[in-house]
Amino acid sequence: MKKILVSLTLAGSVLLAAPYTKEDRIHDMQELAHAMNTIQSGFFYNNYDTVAAGVEILSDAIERVRPPLEEVEEKDVMTRYMNNKVQMSRKIVKKINQKSLTILQRYKSGDATQAVQAYTKILGQCMKCHRETRNW
């Protein structure tokens, strides 16, 4: 009985899940910008709670970021290989999550310089993605 219930729940969530669109990505990018601003404000005001709140928003928002459905389902194999956006997105998400935890650990231990360096590395990952996806 439990197996049937679990399988029905999983099937329902897959069927009802809306595809990730460019509008969703724009919204998530706005959340990421807000989170980065919150972290920066926490640094400026020397407030750990503000930094922690920004890191929490960042971690939640970055988990949702992925290429839109039309990029994932690209029919042309060569275009999909050249874009390589799915793998790139996964790597960047992983690095940002690691650096956000570094920010919390370093800032809490009193090493604000290392926390700011981790923040700068997150900005570097943001710019890397923008160069690749937006050709900046």
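So, here's what we can say about the structure.

Parameters at a glance
Residues numbered from 1 in each chain as written. Predicted model: local features only at pLDDT ≥ 70, side-chain atom pairs only at ≥ 80, totals over all residues. Heavy atoms only, no water. Patch = residues over 30% accessible without salt bridge, like charges linked within 9 Å, V, L, I, M, F, W, Y side chains within 5 Å. Areas by Shrake-Rupley, 256 points an atom, 1.4 Å probe, with all protein chains shown as cover. Salt bridge = Lys/Arg side-chain N within 4 Å of Asp/Glu carboxyl O. Lys, Arg positive; Asp, Glu negative; His and termini not counted. Charge placed at Lys NZ, Arg CZ, Asp CG, Glu CD. Helix = DSSP H or I, 4+ residues; strand = E, 2+ residues; numbered from the N terminus. Contact = heavy atoms within 4.5 Å. Disulfide = S-S within 2.5 Å. Axes fitted to C-alpha atoms, helices over the stretch in contact; angles between N-to-C directions. Parallel < 35°, antiparallel > 145°, perpendicular 65-115°, else oblique. Left-handed = near helix turned anticlockwise from the far one by under 90°. Core = buried A, V, L, I, M, F, W, Y, C linked by side-chain atoms within 4.5 Å. Buried < 20%, exposed > 50% of the residue type's maximum accessible area, 1.4 Å probe, protein only. Phe/Tyr/Trp six-rings, centres within 6.5 Å; stacked < 30°, edge-to-face > 60°.

This brings us to a positive patch on the surface. On the surface, a cluster of positive charge is made up of Lys91, Lys95, Lys128 and Arg131. Breaking the positive patch down by element, the ones donating at least two residues are α6 (85-108) and α7 (112-134). Mapping Arg131 onto the fold places it in helix α7.

Right, let's talk about the side chain of Asn97 for a bit. Among the structural elements, Asn97 can be located in helix α6. Among all residues touching Asn97, those that are not within four sequence positions of it are Ser59, Ile62 and Glu63.

For the structure shown, the criterion picks out zero disulfides. Not engaged in a disulfide, the cysteine Cys126 finds its nearest cysteine sulfur in Cys129; these two sulfurs lie 7.9 Å apart.

Before going further, it helps to examine the packing of helix α3 (residues 48-64) against α6. Contact geometry of α3 with α6 gives a least axis separation of 10 Å together with a crossing angle of 170°. With respect to each other, α3 and α6 are oriented roughly antiparallel. Pair α3 / α6 crosses with left-handed handedness. Of the residues in α6, those touching α3 at Tyr48, Val51, Ala52, Val55, Leu58, Ser59, Ile62 and Glu63 are Val93, Ile96, Asn97, Ser100, Ile103, Leu104, Tyr107 and Lys108.

Right, let's talk about the packing of helix α2 (residues 22-44) against α3 for a bit. Viewed as axis vectors pointing N to C, α2 and α3 meet at an angle of 160°, and their least axial separation amounts to 8 Å. For the element pair α2 / α3, the angle class is roughly antiparallel. At the point where α2 passes α3, the crossing takes the left-handed sense. Two secondary-structure elements touch here, α2 through Asp28, Glu31, Leu32, His34, Ala35, Met36, Thr38, Ile39, Ser41, Gly42 and Phe43 and α3 through Thr50, Val51, Gly54, Val55, Ile57, Leu58, Ala61, Ile62 and Arg64.

Let us now look at the nonpolar core. In this structure, Ile39, Phe43, Val51, Leu58 and Ile103 are the most contacted members of the largest nonpolar core, which totals 24 residues. Of all the elements in the fold, those that place two or more residues in this core are α2, α3, α6 and α7. Examining the composition of this core, we find that seven residues originate from one element, α6, more than from any other.

Before going further, it helps to examine the environment of Arg106. Counting through the fold element by element, Arg106 comes out in helix α6. Assessed through its relative accessible area of 37%, Arg106 is described here as partly exposed. When the C-alpha atoms of Arg106 and Val116 are compared, they prove to be 9.0 Å apart, with 10 residues separating the residues in sequence. Not counting residues up to four positions away in its chain, the partners in contact with Arg106 are Asp111, Ala112, Gln114 and Ala115.

Below, the discussion takes up the packing of aromatic side chains. Summed over the entire model, instances satisfying the criterion amount to three aromatic pairs. Ring plane angle 50° and centroid distance 5.4 Å describe the contact between Phe43 and Tyr107, whose orientation is recorded as tilted. In this pair, Phe43 is assigned in helix α2 and Tyr107 in helix α6, connecting sequence segments 64 residues apart. Accessibility classification places Phe43 together with Tyr107 in one group, the buried group. Both rings, one in Tyr48 and one in Tyr107, keep their centres 6.5 Å apart while their planes meet at 10°; by these two values the pair is stacked.

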